[in-house]
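A look at the structure
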Amino acid sequence: MKKINRMKIRRYEAIFRRTKAYRLWRRCWKKYWFKVALVVVVLAAFVISFNWYNTYDSYEDYETEASVRIDSSSNSKYEPFEDFVLKYSNEGVSYIDGEKELWNESYDMQTPIIDVCESYFAIADKNTNDIIVFNKKGKIGNITTNYPLIDLDVARQGVVAALLQEQNASYIEIYDSSGERLVSHKSLLNENGYPIAISLSQDGTKLMVSYVTTSKGSVKERLVFYNFSSKGRKFKDGIVGEFEGYGDSFIPSVKFMTNSDAAVVGEDLVDFYSVDLKPSLKEHIEIKEKIQKVFYSDNYVGLVFNSKEKKNASRIEVYNKSGKQLMNKEVDFEFESIRFANNKVLLYNSRQCDILSFKGIEKFKYHFKENLLDIVPTKDEKFLIMYNTRIEKISLE
């Protein structure tokens, strides 16, 4: 039987080789451009299939890959960091690596504020003078400021920008991770205004500050870009860009998404800047509704609005670094927290989570049996679920 089958196959092969299709294939295969085109077609088909799957495929359940025992206080909060997560509260901060708590640092803070950038993070008590800098191994430095701290931002090499305030002036100071002061810039409130938001670039050389100024009884908004590199020192006070055309539009949120991409969110606008040495406006978007919440990643800006159509519902908009709108979606889910999970949006409350693609496709919806403290997405497309006594690392299935 096998011999007969082989004979049939050989006969069919001989017939096929005499066809025009086979001769055309042979001629094309000898051409370099044909091989390149074939590779391009195969790769394009793979990309299209992957994007389709990533956009429209959904998950119904999850698998627990790891579980770590923890003790969480009622005010514990979590931030993704390195391979797993940071847990911090008024009493201290600890780093958990997926198997156990590697280290913890105790302190006493009333209002801890934290910022994370790649392998470093800084934490401080608002309206005090002390900042603590950490990396994966634990505490690496203490910073003591001369004036009470309002806000801070950290760069990827541990450089910290601090916004400080005294009665009649504000200070922008930049420190290295060991606590040495690198830059100090004083701003008089009656001249330059009151700084309300700052953002430091990932390489620690650029700073963006939103100021509120008063002139003749009217309130004006002012946006200033600083550059503290060797090129920026050629400019007075390191100011490489200044924008005063915002009028009375309050700007409470600014963010360096990358070293050269920045976003500004005001009461009625979203602006996207390209920041090399000097900043330039890439896209201006007017907002006609009240923004309820702003959330960021290194690639996207998210806005949350109250729905006009349904009570207790929300509308979510997402923009990329160039200002292109990627998502505009009404959601009925009454979420308490929202964040990006890579190229998706994660919404959750104490018992339920919902994951949406930018196309508005529901990727995963789940009602948990226990109260959740937090959910943190990881770099490998998985999630950390925080309960009172444990953290679970899960993968969707």
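So, here is what we can say about the structure in this document.

If you tally the helices and strands in the protein, you get 4 helices and 32 strands. Across the 397 residues of the protein, 47% fall into the buried class. At a minimum sequence separation of 6, the contacts of the protein that also span at least 24 residues come to 39%. For the protein, the exposed surface amounts to about 21700 Å²; the carbon and sulfur share of it is 48%.

Ordered by their spatial adjacency, 4 strands build an open sheet running β18-β19-β20-β21, and the pairing between neighbours is antiparallel. This sheet does not close on itself; its edge strands, each paired only once, are β18 (253-256) and β21 (279-286). Going across the sheet, the axis of each strand differs from the next one's by a mean of 15 degrees, ignoring polarity. As judged from the 5 bridges shared by strand β19 (residues 261-265) and strand β20 (residues 269-275), these two strands associate in the antiparallel manner. From the neighbouring strand, V264 faces β20, where its bridge partner is D271.

Summarising burial for strand β23 (residues 300-306): 6 of the 7 residues are buried, a large majority. The sheet contact formed by strand β22 (residues 293-296) and β23 spans 4 bridges and is antiparallel. Pairing of V294 across the sheet is with L303, part of β23. Linkage of β22 to β23, two consecutive antiparallel strands, is achieved through a turn of 3 residues.

Moving on, we come to the side chain of Q352. In this structure, Q352 sits in strand β28 (residues 352-357). Filtering out sequence-adjacent residues up to four positions away, Q352 remains in contact with F333, L347, K365, Y366, H367 and F368.

Let's shift gears to the sheet that holds strand β8 (residues 130-135). Taking strand neighbours across the sheet as the criterion, the 4 strands line up as β6-β7-β8-β9 in an open arrangement whose pairing is antiparallel. The open sheet has two edge strands, β6 (112-117) and β9 (138-144), and neither has a second partner. Taking each pair of neighbouring strands and ignoring which way they run, the sheet shows an average axis angle of 20 degrees. Summarising the sheet, β8 and β9 pair through 6 bridges and their orientation is antiparallel. Following the sheet pairing, I132 is matched in β9 by N142.

Below, the discussion takes up the environment of E65. The topology assignment puts E65 in strand β1 (residues 62-69). E65 sits in the partly exposed class, given a relative accessible area of 40%. Sequence separation between E65 and K382 is 317 residues; the distance between their C-alpha atoms is 9.7 Å. Excluding residues within four positions of it along the chain, E65 makes contact with K382, K393 and S395.

Phi at E118 takes a positive value of approximately 55 degrees, unusual for a residue other than glycine. Relative to the elements of secondary structure, E118 occurs in the loop between β6 and β7 (120-125). Located in the positive-phi region is N127, a residue other than glycine, with phi close to 70 degrees. Assignment of secondary structure puts N127 in the loop between β7 and β8.

What follows concerns the pairing of β18. The sheet contact formed by β18 and β19 spans 4 bridges and is antiparallel. Directly across from F256, in β19, lies its bridge partner A262. Counting the residues between successive antiparallel strands, the hairpin from β18 to β19 contains 4 residues.

Here S337 lies in strand β26 (residues 337-341). Taking the relative accessible area as the measure of exposure, S337 reaches 26% and is therefore partly exposed. Non-local contacts of S337, meaning those with residues more than four positions away in its chain, are made with L346, L347 and Y348.

Conventions and cut-offs
- Residues numbered from 1 in each chain as written.
- Predicted model: local features only at pLDDT ≥ 70, side-chain atom pairs only at ≥ 80, totals over all residues.
- Heavy atoms only, no water.
- Helix = DSSP H or I, 4+ residues; strand = E, 2+ residues; numbered from the N terminus.
- Buried < 20%, exposed > 50% of the residue type's maximum accessible area, 1.4 Å probe, protein only.
- Contact = heavy atoms within 4.5 Å.
- Areas by Shrake-Rupley, 256 points an atom, 1.4 Å probe, with all protein chains shown as cover.
- Pairing = 2+ DSSP bridges.
- Axes fitted to C-alpha atoms, helices over the stretch in contact; angles between N-to-C directions.

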